[in-house]
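Residue-level structure breakdown
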Amino acid sequence: MIGGIVMILTVIWVYQSLMKAKKDRVLLWVSICAVVFLVVQVLFYNINIMIIDGLDGKDVGGEYDRDLTSVGDRKTQEGAGGWFMPVLFEFLPPMAGFLSVSVIRSLFIMKEALTPANLFSGVKEMFESIKNSFKTSSN
């Protein structure tokens, strides 16, 4: 759920950046960024499952085959990390997807250097435009 919301906001951010910079092939870049976000997010969910199973003492070697649908017993609050590990495992995949899209946006779309200012430029403007979209004009 959180990943879906972050993905929608990320795609809006990329779209607004492309429109502001007047770049070509806007929908192509937006769809590429959405696919990259989704792939990185699923990859990090699989990494999270392996970490949780490894902390539970299960062998995550060559014969390890666990997919996203076999949830099993993943109570992480009793084990190592307490409440921190579930929060980390919930927010890590969407944030990794966002960071991967921001790198693509900076390097390939906007052709800027990889600095924190360039990676996150336009996020504030996106939230302001979303906020302004809810305002109504009174005549």
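All of the points below concern the structure found in this document. Keep in mind that this is a model prediction, so the values were computed, not measured. (Residues numbered from 1 in each chain as written. Predicted model: local features only at pLDDT ≥ 70, side-chain atom pairs only at ≥ 80, totals over all residues. Heavy atoms only, no water.)

Focus on the overall build of the chain
- Across its full length, the chain holds 5 helices and 0 strands.
- Ordering the α and β elements of the chain from the N terminus gives α-α-α-α-α.
- Pairs at least 24 residues apart make up 61% of the contacts formed inside the chain by residues separated by at least 6 positions.
- Accessible surface, the chain: about 9,200 Å² in total, of which carbon and sulfur atoms supply 67%. (Helix = DSSP H or I, 4+ residues; strand = E, 2+ residues; numbered from the N terminus. Contact = heavy atoms within 4.5 Å. Areas by Shrake-Rupley, 256 points an atom, 1.4 Å probe, with all protein chains shown as cover.)

Describing unusual backbone geometry
- For Lys22, which is not a glycine, the phi torsion comes out positive at approximately 55°.
- With respect to the secondary-structure elements, Lys22 resides in the loop between helix H1 (2-21) and helix H2 (26-55).
- Positioned with a positive phi, Arg25 is a non-glycine residue whose angle comes to about 55°.
- Within the fold, Arg25 resides in the loop between H1 and H2.

Side note on the nonpolar core
- Ranked by internal contacts, the top residues of the largest apolar core, which has 16 residues, are Trp13, Val14, Leu18, Cys33, Phe98 and Ile109.
- For this core, the elements supplying multiple residues, two or more each, are H1, H2, helix H3 (84-109) and helix H5 (123-133).
- The greatest single-element share of this core, amounting to 5 residues, is contributed by H2. (Core = buried A, V, L, I, M, F, W, Y, C linked by side-chain atoms within 4.5 Å. Buried < 20%, exposed > 50% of the residue type's maximum accessible area, 1.4 Å probe, protein only.)

Some details on the packing of H1 against H3
- One way to put it is that H1 packs onto H3 with a least axis distance of 9 Å and a crossing angle of 15°. Between H1 and H3, the angle falls in the class roughly parallel. The element H1 and its partner H3 pack so that their crossing is right-handed. Residues Ile2, Gly3, Val6, Thr10, Trp13, Val14, Ser17 and Leu18 of H1 form the contact with H3, whose participating residues are Glu90, Phe91, Pro94, Met95, Phe98, Val101, Ser102, Arg105 and Ile109.
- Looking at the contact of H1 with H3 residue by residue, the classes come out as 11 nonpolar, 4 polar and 2 charged. (Axes fitted to C-alpha atoms, helices over the stretch in contact; angles between N-to-C directions. Parallel < 35°, antiparallel > 145°, perpendicular 65-115°, else oblique. Left-handed = near helix turned anticlockwise from the far one by under 90°. Nonpolar A, V, L, I, M, F, W, Y, C, P; charged D, E, K, R; others polar.)

Looking at the packing of aromatic side chains
- Using the criterion set out here, one finds 2 aromatic pairs in the structure.
- Relative to Phe98, the ring of Trp13 lies with its centre 5.1 Å away and its plane at 35°, an arrangement referred to as tilted. Here Trp13, found in helix H1, pairs with Phe98, found in helix H3; they are 85 residues apart in sequence, far enough to count as distant.
- Trp13 sits in the buried class, given a relative accessible area of 1%. (Phe/Tyr/Trp six-rings, centres within 6.5 Å; stacked < 30°, edge-to-face > 60°.)

Some details on H1
- Compared with an ideal rise of 1.5 Å per residue, which puts 20 residues at 28 Å, H1 spans 29 Å between its outermost C-alpha atoms and is within 8% of the ideal.
- Here the buried face of H1 lies against H2, H3, helix H4 (116-119) and H5.
- Among the residues trailing H1, Lys22 stands out with phi positive, at a value near 55°. (Expected span 1.5 Å × (residues − 1).)

A look at a nonpolar patch on the surface
- The grouping of Trp83, Phe84, Val87, Leu88, Phe91 and Met95 at the surface amounts to a nonpolar patch, some 590 Å² of accessible area in total.
- Residue position: Trp83 is located in the loop between H2 and H3. (Patch = residues over 30% accessible without salt bridge, like charges linked within 9 Å, V, L, I, M, F, W, Y side chains within 5 Å. Salt bridge = Lys/Arg side-chain N within 4 Å of Asp/Glu carboxyl O.)

Some details on the environment of Ile109
- Looking at the element boundaries, Ile109 is found in helix H3.
- Residue class for Ile109 comes out buried when judged on its relative accessible area of 4%.
- Along the chain, Ile109 and Val26 lie 83 residues apart, while their C-alpha atoms are 9.7 Å from each other.
- If we skip the residues at most four places from it in the chain, Ile109 touches Val14, Leu18, Lys23, Trp29, Cys33 and Ile104.

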